[in-house]
Number of protein chains: 2
Amino acid sequence: MTPKISRFFAEHRPATPCLVVDLDVVESRYQALHHNLPSARIYYAIKANPAPQILRRLTELGSSFDAASIEEIRMCLAAGATPDRISYGNTVKKVSAIREAHELGIDLFVFDSMEELAKLAEHAPGARVFCRLTVENEGADWPLSRKFGTTTTHARELMLRAATMGLRPYGLSFHVGSQQTSVTAYETAIARASALYRDLQDEGLDLQMLNLGGGFPARYREDVPTIGQFCTAISQALTEHFHNDLPDILVEPGRYMVGEAGVVSSEVVLVSRRGGAPTDPRWVYLDIGRFGGLAETEGEAIRYTFRTPHDESDPDHSPCVLAGPSCDGVDIMYEKARIPLPNSLRDGDRVDILATGAYVSTYCSTGFNGFPPLAEHYI
Amino acid sequence: MTPKISRFFAEHRPATPCLVVDLDVVESRYQALHHNLPSARIYYAIKANPAPQILRRLTELGSSFDAASIEEIRMCLAAGATPDRISYGNTVKKVSAIREAHELGIDLFVFDSMEELAKLAEHAPGARVFCRLTVENEGADWPLSRKFGTTTTHARELMLRAATMGLRPYGLSFHVGSQQTSVTAYETAIARASALYRDLQDEGLDLQMLNLGGGFPARYREDVPTIGQFCTAISQALTEHFHNDLPDILVEPGRYMVGEAGVVSSEVVLVSRRGGAPTDPRWVYLDIGRFGGLAETEGEAIRYTFRTPHDESDPDHSPCVLAGPSCDGVDIMYEKARIPLPNSLRDGDRVDILATGAYVSTYCSTGFNGFPPLAEHYI
């Protein structure tokens, strides 16, 4: 938690549950990535957190944007970004959305199927397009490989077809999976993409871009490689496979940019030993759960860090099941991997959940069980 | 789909995705349950669908309400229900919510732990309380047994304590799990609860109520027992275990009351063979997915029925993976159990998803990937 966020909590005591995001952290993350990978253009993955305050700050810094929908494109434009800084990065787009994006001046679209390519050719004629490859997502806590991307063989065929359909086959992309903690995932993916890239150049296509996707991790509970380590591995792999003829490199960080910038403040609603016996597991119910924003605790995939007022004063910690406040049986965040929390924890205590700036606010339900959406503060 | 909903679609062609609910179905469900189990008071589980139109219609019919939060209590009161018709049915309640409910005149609260009982004693003194028992959830597609309820032994102890704390130990409850398709689940649970009930009466407690919870299923793809079959089994079990000395019976239907009253209309965004080969699986991406409201497709638990314009004209159907429109890798609804859909299905086609009146609208995210919340029409 940054001093600025601590101060905000102390001064304002905002009602829980709420998310507080320190925009200076977002800025320093942008600068760190820019510094470590100066040859890359940064396309912020808006879906991680589309708050206007974040989009405006990043626009001022010179960032570009990776949009998942026409609504996100409109948000970027409203934040001051010009269309040339926006990539329509969802392989699945409505025809009406493609048409509107094209009219708004968006000129960069992803695809991974013949069917999507046909839609782009018809509704965004002349646009630059890039094909998403499926790559290994090993090492990622939130894999993305089944739903998106295609094989190298199929991508090759599609890129060659694109050229005949009035589109500009512009480049290739991949995604190593979200919360990727292995630097070698990028090396392997770059090797695969570069082989196809050169192959397509040999076929006469004027490719210019390689999009490395997102995936850079936030630090939740365990240490993760630094952005410097990722960028060193990426730079080496690019040099190894492209030598002095580097394509334009795009990166699409989301979680890395905003994850650690945010803290959710919640309240303990109940601590109970539901069986009554001291050996029964202690259940801690917070006023936020899987449907209040912490959706990435599904399958206990993302493992947040919890801070309580008793962490230092109470030496006795014991493992707890952590659940949300709703009447839903699946609204349990951690049960297999229990969370050690102070034995003195009780209802009414505040619990801060660290590194919750990304993939929290927008997952929140509109009003499940009557609970209102998560309040957000950008400072 | 009811004629009324068909007519609404034909006349209004509402933008997708949207949910249309026929309030007459809700009314007929209420009447059918009331007819089949006349001795029971019906507490509609608001969380299934808290639309004011539904709450008003049920209020007029004489329904009572099972609320999961103080916000849901306020919604009921706004719909015209009096406090004596509202049960605060979440075992996990904020102190501030208990206090407000008590001040509003709510006099019926559930609990399943000593800690919650202590909160109720302090902030809702004199209130009627009932303890939730854990029962088998076998046969339920959406189980609720791990997070809520306690053992018979512990419940006995808690109910006896309640009497010494200035509360009125009023009854017992259980929940056989949501989308419960086995009538015997109720019989087993009634047997267990009745034994404790009589035991507590022998200890001198003036118990008056048995709350059978919810769980009655909606018909999704497979046939389910009729409400008549459930009610016959319940009546027989009640007679067997309570003879002529029946307690007040409460039921908390949610899914049963509104599930089949609603239809989601969606649009196909993309149909693709992502590998390109005819043997590769066909992926159908709709403009609604797990984060647009169809959250109960998690683990492919709830299996909806899909209707397309080609169902009858095209005899060739083949199994599809069904996914939502977001860039999220977990936004896949059915992959293991593939959905047979017409081979002529293509982007732009409307797909109606039946029996989506319950547990859809409120699960919807506030704006994941920029997609706006589900539009709702109550007719």
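Nothing here was measured: the structure is a model prediction, and the numbers come from that model.

Q: What exactly am I supposed to notice about the overall build of chain A here?
A: For chain A, the count of helices and strands is ten helices and 18 strands. What you see for chain A is a C-alpha radius of gyration of 22 Å, in line with the 21 Å of a compact globule of 379 residues. Projected onto its principal axes, the C-alpha positions of chain A cover 70 × 40 × 35 Å. Counting contacts in chain A only where the partners sit at least 6 residues apart, residues at least 24 apart contribute 69% of the total. Carbon and sulfur atoms make up 49% of the accessible area of chain A, which amounts to about 13300 Å² in all. Charged side chains of chain A number 36 positive and 49 negative; the gap between the two group centres comes to 2 Å.

Q: It is not clear to me how the pattern of salt bridges should be interpreted in this structure. Could you clarify?
A: Two side chains with opposite charge may pair up if their charged atoms get near one another. Counted under the stated rule, the structure contains 46 salt bridges over all chains. In this structure, R219 of chain B and D223 of chain B form a salt bridge, with 2.7 Å as the shortest nitrogen-oxygen distance. Classification of D223 of chain B by relative accessible area gives exposed; the value is 65%. Bridged by salt links that share partners, the residues K4, D22, D24, E27 and R57 of chain A form one connected network.

Q: Explain the domain arrangement of chain A here, please?
A: By a widely used convention, the size of an interface equals the accessible area lost when the partners come together. Residue and element names in this part refer to chain A. Once the domains are mapped, chain A shows domain 1 (50-253) and domain 2 (260-378). Domain 1 and domain 2 are separated by 34 Å when their C-alpha centres are compared. In this assembly, 13 residues from domain 1 lie in contact with 16 residues from domain 2. Interface area, domain 1 with domain 2, both sides summed: about 1300 Å², of which 56% is carbon and sulfur. Broken down residue by residue, the surface that domain 1 buries against domain 2 is led by W142, Y220 and R221, which jointly contribute 54%.

Q: Got a minute to help me understand the relation of the copies chain B and chain A in this structure?
A: In this arrangement, two copies of a chain are superimposed by a rotation about an axis accompanied by a shift along the axis. Here chain B sits on chain A after a turn of 180 degrees about the axis and a move of 0.0 Å along it, with an RMSD of 0.0 Å. The relationship between the two copies is best expressed as a two-fold rotation axis. Distance from the rotation axis, computed per C-alpha, reaches its smallest value in chain B at S365 of chain B: 2.0 Å.

Q: Just checking my understanding: could you explain the UniProt feature "domain: Orn/DAP/Arg decarboxylase 2 N-terminal" (unreviewed entry) in chain A for this structure?
A: With numbering matched to this structure, UniProt assigns "domain: Orn/DAP/Arg decarboxylase 2 N-terminal" (unreviewed entry) to residues 24-258 of chain A. Annotated as 44% helix and 18% strand, the span residues 24-258 of chain A places its first and last C-alpha atoms 10 Å apart.

Q: Is there a simple way to think about unusual backbone geometry in this case?
A: When glycine is set aside, most residues are seen to have a negative phi, and most peptide bonds are trans. All names here are of chain A. With omega at -5 degrees, the peptide bond leading from T16 into P17 counts as cis. For P17, the position within the fold is in the loop between α1 (3-12) and β1 (18-21). A positive phi angle, near 55 degrees, is found at A355, a position not held by glycine. Along the chain, A355 turns up in the loop between β17 (350-354) and β18 (375-378). On the basis of relative accessible area, A355 is assigned to the buried category, the value being 7%.

Q: Any chance you could explain the state of the cysteines here in plain terms?
A: Disulfides are covalent bonds that connect the sulfur atoms of two cysteines. In this structure the tally under the stated criterion is zero disulfides over all chains. Just so you know, C327 of chain A is unpaired, no disulfide at all, and the nearest cysteine sulfur is the one on C76 of chain B, 13 Å from it. Summary of cysteine pairing: C131 of chain B is not part of a disulfide, and the nearest cysteine sulfur, belonging to C327 of chain A, is at 15 Å. The buried category is assigned to C131 of chain B, whose relative accessible area is 0%.

Q: Before we go on, may I ask you to explain the environment of D352 of chain B in this structure?
A: Residues and elements named next belong to chain B. Structurally, D352 is set in strand β17 (residues 350-354). Residues D352 and H317, 35 residues apart in the sequence, show an inter-C-alpha distance of 17 Å. Those residues in contact with D352 that lie beyond four places of it in its chain are M1, F9, V263, V264, S265, T305, F306 and R307. Separated by 3.2 Å, the side chains of D352 and S265 make a polar contact.

Q: Looking at this model, I keep getting lost on helix α9 (residues 227-242) of chain B. Mind explaining?
A: Residues lying three or four places apart along an α-helix face the same way, a consequence of the helix completing one turn every 3.6 residues. Residue and element names in this part refer to chain B. For α9, built from 16 residues, the straight-helix expectation of 22 Å at 1.5 Å per residue is met to within 8% by its first-to-last C-alpha distance of 22 Å. Within the span of α9, buried status applies to I227, G228, F230, C231, A233, I234, A237, L238, H241 and F242. Considering only its buried residues, α9 is in contact with α2 (23-36), β9 (178-180), α8 (184-202), β10 (209-211), β11 (248-251) and α10 (255-258). Immediately beyond the C-terminal end of α9, within one or two residues, lies H243, with a positive phi of roughly 55 degrees.

Q: For this particular structure, what's the right way to read the interface of chain B and chain A?
A: Contact with chain B, which involves 71 residues of that partner, is made by 71 residues of chain A. Among the residues chain B hides against chain A, the three largest losses belong to K147, R274 and C327 of chain B. Together they make up 14% of the total. In this structure, the connection of chain B to chain A is made through ten salt bridges. We note a salt bridge from D331 of chain B to K147 of chain A, for which the minimum N-O separation is 3.7 Å. Seen at the junction of chain B and chain A, the total is 44 residue pairs in polar contact (both at pLDDT 80 or more). When residues in the side of chain B that touches chain A are grouped by element, the largest group, six residues, is from strand β12 (residues 262-273) of chain B. Class assignment of the residues belonging to the side of chain B that touches chain A gives a composition of 26 nonpolar, 24 polar and 21 charged.

Parameters at a glance
Residues numbered from 1 in each chain as written. Chains lettered and ligands numbered in written order. Predicted model: local features only at pLDDT ≥ 70, side-chain atom pairs only at ≥ 80, totals over all residues. Heavy atoms only, no water. Helix = DSSP H or I, 4+ residues; strand = E, 2+ residues; numbered from the N terminus. Rg over C-alpha atoms; globule rule 2.2 N^0.38 Å. Contact = heavy atoms within 4.5 Å. Areas by Shrake-Rupley, 256 points an atom, 1.4 Å probe, with all protein chains shown as cover. Lys, Arg positive; Asp, Glu negative; His and termini not counted. Charge placed at Lys NZ, Arg CZ, Asp CG, Glu CD. Salt bridge = Lys/Arg side-chain N within 4 Å of Asp/Glu carboxyl O. Buried < 20%, exposed > 50% of the residue type's maximum accessible area, 1.4 Å probe, protein only. Domains from an automatic or database assignment. Buried area = accessible area lost by both parts, 1.4 Å probe. Least-squares fit on C-alpha atoms with pLDDT ≥ 70 in both. UniProt positions renumbered as here; feature names shortened; annotations may be inferred. Disulfide = S-S within 2.5 Å. Polar contact = N/O pair within 3.5 Å; in protein donor to acceptor, adjacent residues only side chain to side chain. Expected span 1.5 Å × (residues − 1). Nonpolar A, V, L, I, M, F, W, Y, C, P; charged D, E, K, R; others polar.

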